[in-house]
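Residues per chain are reported as follows:
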Amino acid sequence: MKKRIFSGVQPSGNLHIGNYLGAIKNWVELQEQYDSIFCVVDLHAITVPQDPKVLRQKTIELAKLYLAAGIDPQKSKIFVQSHVPEHAELAWILNTITKVSELERMTQFKDKAGKQNREGVGMGLMDYPVLMAADIILYDTNLVPVGEDQTQHVEITRTLAERFNQKFGETFVVPEAFVTREGKRIMGLDDPTKKMSKSADSEYSYIALTDSEELIRKKIKKAVTDSGSEITYSEDRPAIRNLMNIYSLLGDQSISDIAAKYAGKGYADFKSDLADIVVESLRPFQERFNKLSDEQVLEILKDGAKRVRPLAAQKLSEVKQKLGFVV
Ligand code: TYM
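Residues numbered from 1 in each chain as written. Predicted model: local features only at pLDDT ≥ 70, side-chain atom pairs only at ≥ 80, totals over all residues. Heavy atoms only, no water.

Some details on the site of the ligand
Here is the rule: By convention in these notes, a residue is near a molecule or strand provided one of its non-hydrogen atoms lies within 4 Å of it. Two N or O atoms form a polar contact when they lie within 3.5 Å of each other; inside protein one atom must be a possible hydrogen donor and the other a possible acceptor, and for residues adjacent in sequence the pair counts only when both atoms belong to side chains. Here the open area of atoms and residues is found with the Shrake-Rupley method and a 1.4 Å probe, where only the protein chains shown may cover a residue. A run of DSSP states H or I qualifies as a helix once it reaches four residues; a run of E qualifies as a strand once it reaches two. Both are numbered from the N-terminal end. Each residue gets one of three labels, nonpolar for Ala, Val, Leu, Ile, Met, Phe, Trp, Tyr, Cys and Pro, charged for Asp, Glu, Lys and Arg, and polar for the others, Gly among them.
In the vicinity of the ligand there are 28 residues, among which Y128, D135, D149, I186 and K198 approach most closely. Here an oxygen atom of the ligand and a side-chain polar atom of Y128 are 2.3 Å apart. For the ligand, an oxygen atom lies 2.8 Å from a polar atom in the backbone of G147. Expressed as a share of its isolated accessible area of 720 Å², the protein-covered part of the ligand is 97%. For the shell around the ligand, the secondary structure elements donating two or more residues are β1 (4–9), α1 (17–30) and α7 (123–137). Of the residues in the shell around the ligand, the class split is eleven nonpolar, eleven polar and six charged.

Below you can see the structure in the form of structure tokens.
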């Protein structure tokens, strides 16, 4: 039997090259060897306020982006989280074995909650990792391909799966995170100390997968660099290191080849070539994206939900029996 992978993205904000290089690019490769399930996690998106019209549009758009990136619905199952109610039901059950203190310790929760007055922080934001755990263990997932910012959530998923197994008997597979070295954390173009983020204040922080050629060139030109002018890869040169990671992953060239190529050259040459690479690698992707119709994508999503639902229902029924529910 093939091992299984599961991953998801929230349909909020613009999908950027950080999401692509940290997660989706790996999904495309992994779908060849693994039984793959990819989800558009709308229940996660509503943990912060969403405009219903925009959410609907972003949900379809995100599924289109999966397909345009190379997720093949013949090989992988793609679906919308809210189409499979077992996710929310299992999350509730997992809540009963989760400690509040465990959720309070989550870095992402602290970051997001810290921006608001704690009095006004929604319960959904805190409970978010439990829903993510439910997403993953509902399908006996072995591997979870994500960026580094999600590894703590995979860790708590492992804790909850082990805890349930211990209390009620072997039920869940304990999953592992799959993270790649260069893509795990793509940083903001305007501030290389912060990760590239969909919810960044400035659009010059990220390159969206749907950005026009002109905008991509402008953003790369404006990207901050380190002091000095050499193209070298080191810890103390976070800006150029980040740009070299992007160059390496999208241009399919090793870091050492890139460093050799730009020895004695300056930022202007490097940035201009980087812009070409980003534009060229996004072009075929954007062409595929523009060809997909909403109706076509909705059909694929509905079919995906139909294919995963029996798996989810079977696991949930096993869970309910173990808990002593009358079924
Ligand atoms: P989300 O929507 O914030 O991000 C989607 C994926 O993109 C990765 N990522 C990055 N990788 C590298 N550099 C960056 N700057 C960067 N920014 C984001 C994220 O690590 C993620 O892999 N909770 C999840 C969604 C989710 C999920 C799941 C994932 C819900 N259920 C089950 C895996 C399995 C999230 O909010 O990702």
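The rest of the description comes next.
Here we look at the packing of helix α6 (residues 107–114) against α7
Note the threshold: Interaxial angle, 0 to 180 degrees, is taken between N-to-C directions of lines fitted to C-alpha atoms, where a helix line uses only the stretch in contact. Orientation categories follow fixed angle ranges, with anything under 35 degrees roughly parallel, anything over 145 roughly antiparallel, 65 to 115 roughly perpendicular, and all other angles oblique. A clockwise turn of the near helix away from the far one marks a right-handed crossing, whereas an anticlockwise turn of less than a right angle marks a left-handed crossing. By definition, residues are in contact when any of their heavy atoms lie within 4.5 Å.
Packing of α6 against α7 brings their axes to within 10 Å, and their N-to-C directions diverge by 165°. By the angle class used here, α6 and α7 are roughly antiparallel. Like other packed secondary-structure pairs, α6 and α7 cross with a definite hand, here right-handed. From α6, Q108, F109, K112 and A113 reach across to α7, where they touch L125, M126 and Y128. Taken together, the residues of the contact of α6 with α7 sort by class into five nonpolar, one polar and one charged.

With respect to the environment of F178
Structurally, the position occupied by F178 is in strand β5 (residues 176–178). Sequence separation between F178 and T225 is 47 residues, and the spatial gap between their C-alpha atoms is 30 Å. With sequence-adjacent residues up to four places away left out, F178 is seen in contact with N26, L30, L143, V144, P145 and V146.

Thoughts on the environment of G188
Mapping G188 onto the fold places it in the loop between β5 and α9 (213–222). Sequence separation between G188 and Q152 is 36 residues, and the spatial gap between their C-alpha atoms is 21 Å. Discounting residues that sit within four places of it in the chain, G188 has contacts with K194, K195, M196, S205 and N242.

Here we look at α1
Our working rule: Given a helix with a known number of residues, its expected span is that number minus one, times 1.5 Å. A residue's bend is given by the angle between axes fitted to the 7 residues ending at it and the 7 residues starting at it. Summary of the burial criterion: residues with accessible area below 20% of their type's maximum are buried, those above 50% are exposed, and those between are partly exposed, where the area comes from a 1.4 Å probe applied to protein chains only.
For α1, built from 14 residues, the straight-helix expectation of 20 Å at 1.5 Å per residue is met to within 8% by its first-to-last C-alpha distance of 18 Å. Of all the bends found along α1, the most pronounced is centred on A23 and spans about 40°. Within α1, twelve of the 14 residues are buried, which leaves the element mostly enclosed by the surrounding structure. Listed as buried for α1 are I17, G18, N19, Y20, L21, G22, A23, I24, N26, W27, V28 and L30. Structurally, α1 contributes buried residues whose contacts are with β1, β2 (35–40), α3 (52–69), β4 (143–145), β5 and α10 (238–251).

Section: the pattern of salt bridges
Quick note on the threshold: For salt bridges, the criterion is a side-chain nitrogen of Lys or Arg within 4 Å of an Asp or Glu carboxyl oxygen.
Tallied over the full model, the rule gives 26 salt bridges. Note that K75 is salt-bridged to D72, the shortest N-O span being 4.0 Å. Residue K219 pairs with D211 through a salt bridge whose shortest N-O separation is 2.6 Å. We note that K219, like D211, is buried. Each of E213, R217, D276, E280 and R283 takes part in salt bridges that share partners, so that together they form one network.

Side note on the side chain of K315
Locating K315 in the fold gives a position in helix α13 (residues 294–323). Look at K315 and you get buried, because its relative accessible area is 7%. A distance of 2.9 Å separates the side chain of K315 from the side chain of D140, its partner in a polar contact. Ignoring any residue separated from it by four or fewer positions in sequence, one finds K315 in contact with I137, L138, D140, T171 and F172.

Things to note about unusual backbone geometry
Although it is not a glycine, D140 adopts a positive phi angle of roughly 50°. Position of D140 among the secondary structure elements: in the loop between α7 and β4. Phi is positive for D252, close to 55°, though the residue is something other than glycine. Relative to the helices and strands, D252 is located in the loop between α10 and α11 (255–261).

A few points about the pairing of β1
Within a regular beta strand, the side chains point alternately toward one face of the sheet and then the other, so they alternate between its two faces. The criterion, for reference: Paired strands are those between which DSSP finds at least two bridges. With its strands directed away from the observer, a crossover is right-handed exactly when the path from the first strand over the helix to the second travels clockwise.
Counting buried positions along β1 yields five of six residues, so the element is predominantly enclosed. With six bridges connecting them, β1 and β2 associate as parallel partners. From the neighbouring strand, G8 faces β2, where its bridge partner is C39. With respect to chirality, the unit in which β1 leads through α1 into the neighbouring parallel β2 is right-handed.

Remarks on the packing of aromatic side chains
Cut-off, in case you're wondering: Aromatic pairs are defined between Phe, Tyr and Trp rings, using the six-membered ring for Trp, whenever the two ring centres lie within 6.5 Å; interplanar angles under 30 degrees are classed as stacked, those over 60 as edge-to-face, and all others as tilted. Whether a charge lies above a ring is judged from NZ of Lys or CZ of Arg, which has to be within 6 Å of the ring centre and within 35 degrees of the ring normal.
Considering all chains together, one arrives at nine aromatic pairs under this definition. Each ring, one from W27 and one from F38, has its centre 4.4 Å from the other, and the planes form 5°; the classification is stacked. In this pair, W27 is assigned in helix α1 and F38 in strand β2, connecting sequence segments eleven residues apart. In terms of burial, W27 and F38 fall into one category: buried. With a centroid separation of 5.1 Å and an interplanar angle of 65°, the aromatic rings of F164 and F172 are classed as edge-to-face. F172 gets classed as buried once you look at its relative accessible area, which sits at 3%. Three or more aromatic residues joined by ring pairs make a cluster, and in this case those are F6, F79 and Y139. Seen from the ring of F289, K64 lies directly overhead, with NZ or CZ sitting 5.8 Å from the centre.

This is a description of form; function is not addressed.
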